[in-house]
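# Structure assessment
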Amino acid sequence: MTDVVVVESPAKAKTINKYLGDGYTVLASFGHVRDLPPKDGSVRPDEGFAMSWQADERGTKQVAAIIKALRGAKTLYLATDPDREGEAISWHVRSMLEEKKVLKGVDVQRVTFNEITKSAIKHAMAHPRELDFPLIEAYLARRALDYLVGFTLSPVLWRKLPGSKSAGRVQSVALRLICEREAEIEVFQPREYWTVAAALTTPAGAPFTARLTHLNGKKLDQFDLNTADLAEAARKTVEGETLSVSSVERRKVKRNPQPPFTTSTLQQEASRKLGMGAQVTMRTAQQLYEGIELGGETVGLITYMRTDGVQMAQEAINAIRSHIGKQIGPDYVPQQARHYSSKAKNAQEAHEAIRPTDVFRTPSSVAGYLTPDQRRLYELVWKRAVASQMESAALDQVAVDISGPSGQTVLRANGSIITFDGFLRLYTEGRDDSDKAADDDSRMLPPMQERDPLKQEKVEADQHFTQPPPRFSEASLVKKMEEIGIGRPSTYASILTVLRDRNYVMLENRRFIPEARGRLVTAFLVSFFERYVDTKFTASLEELLDDISAGQANWKEVLASFWQHFSQAVADTKDLTITDVLNALDKDLGPFFFPPRPDGSDPRHCTACGTGRLGLKLGRYGAFIGCSNYPECQFTRRLSADSAEDGEGGEGLKDGMRVLGQHPDTGEDITVRQGPWGLYVQQGEPDPNDKKAKPKRASLPKGVEGDKITLETAVGLLSLPRLVGLHPETQEPIEAGLGRFGPYVKMGAIYGSLDKDDDVLTIGLNRAVDALAKKLASIRTLGAHPKDAEPVMVRKGRFGPYVQHGQMVATLPRGTDMDDVTLDDAVALLAEKGKPLKAKGAAAKKKTTTKTTSKKTTTKAAKTAEGDAAPAKAKKAPAKKAAPKKASTATTRKKKAE
């Protein structure tokens, strides 16, 4: 008879089972075991915000495993993560078990631990508690809010703004921050200013630089020297002075270390210093928390990584101080231990900061057991935690004033000297954007005394322009969201990922740039739902959610207050017309889509017809720029400020097509055209006497624009697939082509995918062989089939290994290793269970729906083989295409809401 412990992940279950021994069965819930069904009515405001829950296949399976393990058990320990989501998972598990009526006679206890170490687990098991219902109610309120916003606001977006994907409660506010920053950059007007600096040397010959601060007895403001003439006059004035040191000001300052990491600061520093995105940072931190194999033992290396607390356990502080004294030096240990408190808005500090579970497990001692990302992130966490308990750095800051005899012209040189490095010996915090003043203060100056004569080497005037505010990086956006109090640190990574996945923003040079679609969505929400994308409103709602978790607010009252105003705002858009939406968006985004032209001409003038006016239009696939003379003028342009300068630019085409030239071999016209599914090139025209004959066509690859494609590129696309060369080992020909899923290379029946950046028209033999090598690693040729001498292969597929001969495939029996299969085995298996890659006709369809297990498995293998064996043929944009199977409303809405 064993007690049952439920944790979230199988990695944790394995480790904790080792710590607890045979008296316990540790099972994983694999995260949430149930959720709100993705359909209307899952949250019912009219019924007191009643909520319906639904378990997916995995959740049902895990709960069944828990029920099985509970037979004969006396105690169920719910040991999910020590945060709101973890509390919610424990509540869901217990609720599902109660519904199954399997908890009779079973004592249910909640245990939490901040680190996965033997001592922490043992301590937690010895101090169980009840479920924290205020924390659960905060989860219910947050989940209901997100559901109501997603499933109420997103359909409004779909109807009123075609092409938009979804609107989320916090996601939309984050998108607004990015879009507003971009708008600030666009309207920013740079201002010119000049600085004058002199290269000087001391009496001892030591060089340094000083900047002009006072001219003609007046202190210079930033824009006092705003022309080249004024700057040159100032330069000559300095050049004519006999300069000497008028004063030397020295002061001692201390620089204190930063506190150990929270979720937010970890994401910021990992972005600045390691170039890691928030999603990668959190995934890697999860691995370090759950445990790494060290010499046969799984050990959690860091404490729980979802926290906004900056405090550390006294035991950890003592261990760190001991390590500093022994390994770095007693001078680096402050007399008193440092204790931190968070300054972040809405910080709850329910858990410790992120720190190493054992400070004596140094980064160098565990590096051999970690992946590169794990090693770098662990080193960052370890150094930050240790540095937080080190002595302050001591600096001598020096400010030297230099003037001429009259004292009317003054220059200043700033610098500092580190007299004791303290925590800087181990760790220096990164910065989001360069700070010139900080750089100047960090310079070292040579020794100088008052009245020291100085020699001028050179005096220069430098032109500068004020810079616009920088675009948000992941680090600076996370910092901004935390400062204003929107979202929770644990959700930032998923928010940023959703914005990118839905093509609302793109990340370029590690900076967020809003896409046209993102700006449209933001403009729509600001115009018609301004309150719900307001940062102050969202922050106040976060405070109410925190009050719920602290037991200071009723969760249903908070929801009722929100829903009353929100549902009315949605109802107010019922009679909103597309024209209303277009007018609002055109007014808000007009300067972005139609920026002023250098020549002063009207940026909305249609150059295609000469009389029309360009404006924002909405089609079934989203917004675009079109002409007021449609349908007579078919000019269109993609939504991009950059394309406004192109005249006919973007993805649209004047009059529907453009002649690129004649094919060098046949003399036929090569044209680029707009089809229902995008742009394509065509060779020649259809033969009116032969309806079956189709002109050769090829879709334009992603990134190739219709107004910029050349005749040479078009001919190359029409000639695909092309021969790249012969494989250096097998001497088989390798071809490169373009399929539905992108560029590929092919050798016989083996296909290898190319990266989206690979140019299929110029790719060389080395790159092609490399791409095929990855595919060949999952394929083994067994030999020639006795009937037709065609090769028989065994391959890895999504649903397991299978054998293939031409278009026939058959899955391997369960448990059979693909390395053990012989040619005879494969031939026999194909004869017995072989199925064609693609079933054709009613008879074939009927065969694939048989109910026998073996035939179901074989059909699955056929689908797998079809996906693995060959990419689809290059799509022909204008050709008729079967309508895709329409997803259910529930499925679609789930994806949109997420």
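What you see is a predicted model, and the numbers here were worked out from it, not measured in a lab.

### Details of the pattern of salt bridges
A full pass over the atoms with the stated rule returns 33 salt bridges. Note that glutamate 47 is salt-bridged to arginine 44, the shortest N-O span being 2.9 Å. Residue classification places arginine 44 among the partly exposed positions, given a relative accessible area of 24%. Taking the shortest distance from any N to any O, the salt bridge between arginine 169 and aspartate 146 comes out at 2.8 Å. With arginine 169 in the loop between α5 (133–160) and α6 (171–187) and aspartate 146 in helix α5, this residue pair connects regions lying 23 residues apart in the sequence. Residue class for aspartate 146 comes out partly exposed when judged on its relative accessible area of 31%. Within this structure, Arg142, Asp146, Arg169 and Glu542 form a network of salt bridges that share partners.

### A short note on the pairing of strand β31 (residues 779–784)
It is a general feature of regular strands that their side chains alternate between the two faces of the sheet. Where β31 lies against strand β32 (residues 791–795), five bridges are found, and the strand directions are antiparallel. Within β32, the position partnered with threonine 781 by the bridge is methionine 793. What sits between β31 and β32 in their antiparallel hairpin is a turn of six residues, with alanine 789 showing a positive phi close to 65 degrees.

### Digging into the UniProt feature "active site" (unreviewed entry) in the chain
Here, UniProt's "active site" (unreviewed entry) annotation points to Tyr304. Here tyrosine 304 lies in the loop between β14 (297–299) and α10 (314–328). When near neighbours in sequence (up to four residues on either side) are disregarded, tyrosine 304 contacts Asp81, Pro82, Asp83, Asn114, Tyr289 and Ile354. Looking at tyrosine 304, its side chain comes within polar contact range of the side chain of aspartate 83, at 2.5 Å.

### Things to note about α10
The end-to-end C-alpha distance of α10 is 20 Å, a good match for the 21 Å that 15 residues give at a rise of 1.5 Å each. For α10, the full list of buried residues reads Ala316, Ile317, Ile320, Arg321, His323, Ile324 and Ile328. The arc that holds every buried residue of α10, seen down its axis, measures 160 degrees, which confines them to one face. Seen from the open side of α10, the exposed residues pointing more than 90 degrees away from its buried face are Glu315 and Lys326. Buried residues along α10 sit in contact with α12 (372–387). Where α10 terminates, the next one or two residues include glycine 329, which has phi positive at roughly 140 degrees.

### Structural notes on the packing of helix α16 (residues 516–528) against helix α19 (residues 578–593)
Two elements in contact, α16 and α19, have axes separated by 10 Å at closest approach and are oriented at 125 degrees. The angle between α16 and α19 falls in the class oblique. When you trace α16 past α19, the crossing you get is right-handed. Every residue of α19 that contacts α16 at Ala516, Arg519, Leu520, Ala523, Phe524, Ser527 and Phe528 is listed here: Asp580, Val581, Ala584, Leu585, Asp588, Leu589, Phe592 and Phe593. Here the residues of the contact of α16 with α19 are counted per class, giving 11 nonpolar, one polar and three charged.

### Overview of the sheet that holds strand β2 (residues 24–28)
A sheet is described by the order of its strands in space; here four strands give the open sequence β2-β1-β7-β8, paired in parallel fashion. Here the strands that pair on one side only, and so sit at the sheet edges, are β2 and β8 (107–110). Taken pair by pair, the neighbouring strands of this sheet meet at an average axis angle of 20 degrees, ignoring direction. In the sheet, strand β1 (residues 3–7) pairs with β2 via five bridges, with the strands oriented parallel. Each bridged residue has a counterpart across the sheet, and for valine 5 the counterpart in β2 is valine 26. Strands β1 and β2 of the sheet are contacted by helix α1 (residues 10–20), whose axis makes an angle of about 170 degrees with β2.

### Section: the environment of leucine 582
Assignment of secondary structure puts leucine 582 in helix α19. For the pair formed by leucine 582 and glycine 615, sequence separation is 33 residues and the distance between their alpha carbons is 8.9 Å.

### Things to note about the environment of arginine 376
Topologically, arginine 376 is positioned in helix α12. On the basis of relative accessibility, which here comes to 27%, the residue arginine 376 falls in the partly exposed class. On a C-alpha basis, the gap between arginine 376 and alanine 270 in space is 9.0 Å, while along the polypeptide they are 106 residues apart. Contact partners of arginine 376, with chain neighbours within four places excluded, come to Leu274 and Met276. Here leucine 274 takes part through its backbone oxygen, which lies 3.2 Å from a polar atom of the side chain of arginine 376.

### Let's talk about unusual backbone geometry
In this chain, leucine 720 is followed by proline 721 through a cis amide linkage whose omega measures -5 degrees. By secondary structure assignment, the location of proline 721 is in the loop between α20 (711–718) and β27 (722–726). Not every positive phi belongs to a glycine, and asparagine 509 is a case in point at roughly 55 degrees. Although it is not a glycine, arginine 510 adopts a positive phi angle of roughly 65 degrees. Relative to the assigned elements, arginine 510 resides in the loop between β18 (505–508) and β19 (511–514).

Rules of the game
- Residues numbered from 1 in each chain as written.
- Predicted model: local features only at pLDDT ≥ 70, side-chain atom pairs only at ≥ 80, totals over all residues.
- Heavy atoms only, no water.
- Salt bridge = Lys/Arg side-chain N within 4 Å of Asp/Glu carboxyl O.
- Buried < 20%, exposed > 50% of the residue type's maximum accessible area, 1.4 Å probe, protein only.
- Helix = DSSP H or I, 4+ residues; strand = E, 2+ residues; numbered from the N terminus.
- Pairing = 2+ DSSP bridges.
- UniProt positions renumbered as here; feature names shortened; annotations may be inferred.
- Contact = heavy atoms within 4.5 Å.
- Polar contact = N/O pair within 3.5 Å; in protein donor to acceptor, adjacent residues only side chain to side chain.
- Expected span 1.5 Å × (residues − 1).
- Arc of directions from axis to C-beta.
- Axes fitted to C-alpha atoms, helices over the stretch in contact; angles between N-to-C directions.
- Parallel < 35°, antiparallel > 145°, perpendicular 65-115°, else oblique.
- Left-handed = near helix turned anticlockwise from the far one by under 90°.
- Nonpolar A, V, L, I, M, F, W, Y, C, P; charged D, E, K, R; others polar.

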